[in-house]
Amino acid sequence: MDNEQQLPVGHLVADDTEVAIPVVEILTGRGFVTGKSGSGKSNTASVVVEQLLDAGYPVAIIDADGEYYGLKEEYELLHVGADEECDIQVGAEHAEKVASLALEQNVPIIIDVSGYLDEDEADALIRETARHLFAKEKKLKKPFLLVVEECHEYIPEGGGMGETGKMLIKVGKRGRKHGLGIMGISQRPADVKKDFITQANWLVWHRLTWENDTKVVSRIVGSEYGEEVPNLNAGEAFVQTDWTDSGIRRVQFNRKRTFDAGATPGLDDFERPELKSVSDALMEDLEGITELQEQEHDRVAELESRLERKQERIAELENELQTARDVSNAARKMANALAHGDLGGPEEFEERLREKNERIRELRERVEELENEQTELRSFGEWNRDIEDIGEPESRDDHDDYDDFESVESDAPTDADGTDTAESDESTVESAESSEPTDERLETTDGTATAGKTWGANDSEGRESPDDKGSIEAYQRALRERGRRLGGAVSNDSVSETASLVELANADPVAVRIDAARRESLCNEDHTWDIVETLATDGPMTVHEIAAAVTASVEQIQSLLTELRNRSLVTRNDDRQYGLDRREMISIITDPDERAHHSELHSQWRD
């Protein structure tokens with residue numbers, strides 16, 4: 001390359017002197033062209049590109065608005081992008097090949113990003129192309145110009161710069177030493193990162209009218225130029241270069257020769273020129289990349305489908321494994337019960353089931369009998385009150401004794417098999433009644449004897465009633481005697497508040513529930529009482545602390561604790577430590593219902 005070669009781009013406004021720029025400065029330097037829409041900035045960039053192409057130097061243009069394809073009217077350029085009007089549709093995967101064509105085969109390239117709906121896809125194409133150009137230039141050292149339209153979108157002022165902008169800044173700072181130049185174009189200099197503008201070695205300022213933009217001109221070029229830049233005509237610009245000593249020049253740039261695809265549409269018919277095409281060989285290389293990319297996509301889709309099927313199969317196997325574990329746990333629990341003698345063979349199991357059903361039937365019959373007896377006793381009480389209306393007791397004390405009997409009868413506790421204690425004493429009263437003959441001498445209140453009448457005659461209401469006062473007094477004495485016996489039978493069991501947990505756990509009502517929990521767990525009797533004694537003496541404790549103190553396994557301990565918790569005999573705190581529940585055990589022991597002392601099913605009978 002001739003380092004002295006100059007490219008004519010326009011003439012001075014003052015005296016019509018031709019203005020030319022050195023090729024080497026354009027290709028390897030950092031340029032910035034700016035101006036508002038319609039001021040001529042894109043025309044100036046196209047003139048520079050046309051001069052380079054005429055001289056045989058390839059360029060790569062990042063076309064943000066799709067306005068550079070008009071160059072194909074005279075030049076053979078490769079037009080790549082997302083539109084169907086492009087020579088070929090490309091993506092970031094084509095970036096390395098695009099860079100190779102430009103640098104190694106001297107193919108001018110327009111990278112049209114105006115057709116990408118996904119901005120990230122366009123950014124990726126720009127970033128990867130610039131990266132490969134920079135990497136290849138480190139070896140080739142070949143002068144090459146990268147043109148970037150609307151550069152404020154990639155290298156903005158005030159932050160928000162992405163990876164694409166960082167790559168372009170890298171080219172601007174370090175590309176010159178490798179032969180890679182860059183020309184940024186923008187209509188808003190106030191929005192472009194100032195580091196990029198101030199590092200440029202040639203700048204072109206077309207007409208700017210927005211105050212923020214003119215302030216940039218005043219700060220970088222001078223206040224007088226900032227005041228004058230709004231008055232520039234179309235195509236005129238203040239040119240500032242590092243290779244001249246003549247200062248700022250006001251230049252009228254030439255008009256581009258090729259089709260102006262970026263011109264504002266008018267009312268005239270639009271005629272698209274015939275554009276030159278690139279060779280089929282270049283297209284085949286890029287199409288091969290596209291085919292490989294499509295094959296790769298198909299391969300990825302196939303692998304994703306296979307992965308999805310494998311994940312579904314894994315889920316099925318996990319479900320089958322969980323089912324197998326459930327069956328295994330059930331079988332192990334059954335085997336453990338058989339080994340400990342808690343559950344016999346099928347015949348024994350069926351026999352036990354029949355016995356339980358028979359017991360349930362008997363208890364239901366007994367409940368029905370008790371309900372009938374309760375009805376009879378209530379009728380008997382009403383008959384007693386009728387007797388009191390006939391003859392008052394000989395003293396207030398006798399009347400009080402009778403009231404006490406009624407209260408004792410209503411509150412009488414139940415015995416172990418579920419029958420009322422009052423019912424158990426009924427035979428005593430009946431024997432007292434049966435011991436009196438039908439015609440007997442009864443002692444009166446004054447010590448004399450009188451003949452008793454035969455009971456059993458019905459009164460007008462159909463109830464049995466005695467005929468004289470002596471019979472009434474004898475019956476009242478029998479009732480008082482029965483009341484005393486029933487009162488003595490009422491349970492007043494209590495438990496000392498200082499009783500140890502070991503003593504409480506060994507109490508019969510609590511032991512019944514512990515044994516029931518054992519039968520539902522995986523523990524045998526020895527393990528069960530080892531665990532209960534350990535909790536009573538050293539609790540609260542975690543499962544692993546218990547396992548260290550007894551011979552049972554963690555699984556056995558956990559199963560027993562679960563059953564004990566279901567019966568409210570064991571509690572668990574926030575530290576997952578288990579301990580015996582003193583309050584609940586005392587409540588069970590002191591339950592006035594005698595049935596609670598022998599079976600954990602007493603609550604069902606209560607309901």
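Residues numbered from 1 in each chain as written. Predicted model: local features only at pLDDT ≥ 70, side-chain atom pairs only at ≥ 80, totals over all residues. Heavy atoms only, no water.

Another aspect to go through is the overall build of the chain. Along its length, the chain carries 21 helices and 16 strands. Relative to its full complement of 607 residues, the chain shows a buried share of 43%. Within the chain, residue pairs in contact and separated by at least 24 positions form 68% of the contacts whose partners lie at least 6 positions apart. Counting only carbon and sulfur atoms, one obtains 44% of the accessible surface of the chain, whose full area is about 32800 Å². (Helix = DSSP H or I, 4+ residues; strand = E, 2+ residues; numbered from the N terminus. Buried < 20%, exposed > 50% of the residue type's maximum accessible area, 1.4 Å probe, protein only. Contact = heavy atoms within 4.5 Å. Areas by Shrake-Rupley, 256 points an atom, 1.4 Å probe, with all protein chains shown as cover.)

On to helix α5 (residues 163-174). The terminal C-alpha atoms of α5 lie 16 Å apart, and with 12 residues this matches the ideal 16 Å at 1.5 Å per residue to within 8%. Of the residues making up α5, those classed as buried are T164, G165, M167, L168, I169, V171 and G172. Buried residues in α5 make contact with β3 (30-34), α4 (119-140), β8 (144-148), β9 (180-186) and α6 (194-198). (Expected span 1.5 Å × (residues − 1).)

Before going further, it helps to examine the packing of aromatic side chains. Counted by the stated rule, this structure contains four aromatic pairs. Pairing F32 with F196 gives two aromatic rings, centres 6.5 Å apart and planes at 85 degrees, and the pair type is edge-to-face. Taken as a pair, F32 in strand β3 and F196 in helix α6 lie far apart in primary sequence, 164 residues in all. The exposure class of F196 is buried, given its relative accessible area of 5%. Aromatic pair Y69 and F259: ring centres 6.3 Å apart, planes at 50 degrees, arrangement tilted. With Y69 in the loop between β4 (59-63) and β5 (78-81) and F259 in the loop between β12 (249-253) and α9 (280-339), the pair connects residues that are 190 residues apart, well separated along the chain. The pair formed by Y69 and F259 is uniform in burial state, with each residue classed as buried. Taken together through their ring pairs, the aromatic side chains of F32, F196 and W205 make up a single cluster. (Phe/Tyr/Trp six-rings, centres within 6.5 Å; stacked < 30°, edge-to-face > 60°.)

Parts of the model with low pLDDT should not have their predicted coordinates read in detail. Confidence along the chain averages 78 in pLDDT terms, with 71% of residues attaining 70 or more. This stretch, residues 393-469, has a pLDDT under 50; its non-local contacts, to residues over four places away or in other chains, come to 119 contacts. Note on residues 483-493: pLDDT under 50 across the span, and 20 contacts to partners over four residues away in sequence or across chains. (pLDDT = per-residue confidence, 0-100.)

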